[in-house]
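One letter stands for each residue in the lines below.
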Amino acid sequence: MQATPDFLNAVTRNAAHYTPGEQVNEPGWIKLNTNESPLPPSPRVFQALAELVGNGDLLKKYSHPLGEPLLSALAEFHALDKSALMVTNGSDEALALICRATLEPSRAAVFPAVTYSLYKTLVANAGAQYRETAMIERVGQPYAADLEALEAADAAVVFLPNPNAITGEYFAREKLVSIVAASQKLWVVDEAYNDFAGAGASMLAHVQELSNLVVTRTFSKTYALAGLRVGYLATSNAALMNGLMAHKDSYNEDAIATRLAAAALSDRDWHRRIINTVLSGREFLRAELSAMGFTVYDSAGNYLLCKAPAKMPAAEIVQALRSFKILIRYYSGSQFSDCVRISVGSEGENAKLIGSLKQILGQR
Ligand SMILES: Cc1ncc(COP(=O)(O)O)c(C=O)c1O
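Just so it is clear, the model here is predicted, and its values are computed rather than measured.

*Asks:* How should I be thinking about the overall build of the protein in this particular structure?
*Replies:* Tallying secondary structure elements over the protein gives 13 helices and 14 strands in all. On C-alpha atoms alone, the protein measures out to a radius of gyration of 21 Å, which is about the 21 Å that the 2.2 N^0.38 rule sets for 364 residues. In terms of principal-axis extent, the alpha carbons of the protein reach across some 65 × 60 × 50 Å. The proportion of buried residues among the 364 residues of the protein is 53%. Partitioning the contacts of the protein with sequence separation of at least 6, the portion at a separation of at least 24 is 73%. Entry remark: accessible area of the protein is about 16300 Å², with carbon and sulfur atoms responsible for 52%. Across the protein, the centroid of the 33 positively charged side chains sits 3 Å from that of the 36 negatively charged ones.

*Asks:* Any chance you could explain the domain arrangement of the protein here in plain terms?
*Replies:* Frequently, the measure chosen for interface size is the accessible area that the parts lose on association. In terms of domains, the protein is made up of domain 1 (10-40 + 269-362) and domain 2 (43-267). Just the C-alpha atoms count here: the centres of domain 1 and domain 2 sit 24 Å apart. Tallying the contact residues gives 33 residues for domain 1 and 36 residues for domain 2. Approximately 2700 Å² of surface area, both sides summed, lies buried where domain 1 meets domain 2, with 62% of it carried by carbon and sulfur atoms. The tally of links from domain 1 across to domain 2 stands at zero salt bridges. Inspection of the domain 1/domain 2 interface yields 13 residue pairs in polar contact (both at pLDDT 80 or more). Put simply, the parts of the chain that give the side of domain 1 that touches domain 2 at least two residues each are α11 (268-291), β12 (303-307) and β14 (339-343).

*Asks:* Any chance you could explain the pairing of strand β3 (residues 109-112) here in plain terms?
*Replies:* In terms of strand pairing, β3 meets strand β4 (residues 130-133) through four bridges, oriented parallel. Along β4, the bridge assignment pairs Ala109 with Tyr130. You can see the chain leave β3, run along helix α6 (residues 118-125) and come back into β4, and the turn it takes is right-handed.

*Asks:* Looking at this structure, I do not really get the sheet that holds β14. What am I missing?
*Replies:* Strands in a sheet are paired, the pairing made by backbone hydrogen bonds, and the direction either parallel or antiparallel. Spatially, β11-β12-β14 is the arrangement adopted by the three strands of the open sheet, whose pairing is antiparallel. Single-partner strands in this sheet number two, and they are β11 (295-296) and β14. Sheet analysis places β12 next to β14, joined by five bridges and oriented antiparallel. The partner of Lys307 across the bridge, within β14, is Cys339. Relative to the sheet, α11 contacts β11, β12 and β14, its axis offset from that of β12 by approximately 10 degrees.

Definitions and cut-offs
Residues numbered from 1 in each chain as written. Predicted model: local features only at pLDDT ≥ 70, side-chain atom pairs only at ≥ 80, totals over all residues. Heavy atoms only, no water. Helix = DSSP H or I, 4+ residues; strand = E, 2+ residues; numbered from the N terminus. Rg over C-alpha atoms; globule rule 2.2 N^0.38 Å. Buried < 20%, exposed > 50% of the residue type's maximum accessible area, 1.4 Å probe, protein only. Contact = heavy atoms within 4.5 Å. Areas by Shrake-Rupley, 256 points an atom, 1.4 Å probe, with all protein chains shown as cover. Lys, Arg positive; Asp, Glu negative; His and termini not counted. Charge placed at Lys NZ, Arg CZ, Asp CG, Glu CD. Domains from an automatic or database assignment. Buried area = accessible area lost by both parts, 1.4 Å probe. Salt bridge = Lys/Arg side-chain N within 4 Å of Asp/Glu carboxyl O. Polar contact = N/O pair within 3.5 Å; in protein donor to acceptor, adjacent residues only side chain to side chain. Pairing = 2+ DSSP bridges. Right-handed = clockwise from strand over helix to strand, strands pointing away. Axes fitted to C-alpha atoms, helices over the stretch in contact; angles between N-to-C directions.

Right, dumping it as structure tokens:
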């Protein structure tokens, strides 16, 4: 028999696959494993959706290539020029475009060893190398990122979520600004969870003055639109934006998503409600989990990284919770395989989690 021809190029032959957190579609599960919103999206989103029903004209035409009407709404909201913003298909697309436009075999990326694991996949699939900086221990956070090591690394592009994924560590904006301002590297600050870190936490305010800064943001968390796939990036570097545009699909965001996201953006009260629900749920979980013997690390995100109590290994806790139809995240084989990561759920979900954990640990 003839050998199957290999049509893949060298980069793709070595391509990495990302393993997303488990998504269950059966009803009855409590999902505290992928940092989704505990509340549904704003009622304005559903109103906007209802108004689109029957609008064949909208669907038969291509969507706006720059993501209007969302682009204008974002420019107004953040007081940024439209030319400094790009609407993307989730912030994952923004991250992928940055990798494709900036990396090559001789230009590596760097990120903390504990962070959003998609970066590895995106860098490898852009045909480049990545470096990882070792985590350092700080009070309340044994897996803290070393900003100085990121800056010192032999790499052209730094990826840093603020707050950091998995750990929840927040980096003070002033500190980041001073490092980026003195750096020759491109700093990509991934603000997927930044709205949970309080007012004034965002680096968006510094996009105009720092031409080596790109900020990526998402509607997946504090707007409860993870399934819609809407994100955006901001940079004042026109040459970089031009390069990113070259890699972007012409119609990368669809006509419905841009309208629904604009409706969500307009509802500031609902956005606040989602944030407040997470903040109070986070404190409830922190107190309850600590009382049960977990070591709960500092987090400014909508999730808590916690070391399992001595009486039961993390992997067994994760398995036991499955029989209660509760999913949390476990990173087997990692340097923190003694920990679990728990997304903050709704009041009812958090209570169910704590009740189930009490049963599980009570039997030990
Ligand atoms: C740090 C970080 N950045 C980006 C994303 C992806 O966001 P989006 O849904 O906008 O693609 C996630 C998803 O959990 C994340 O943890």
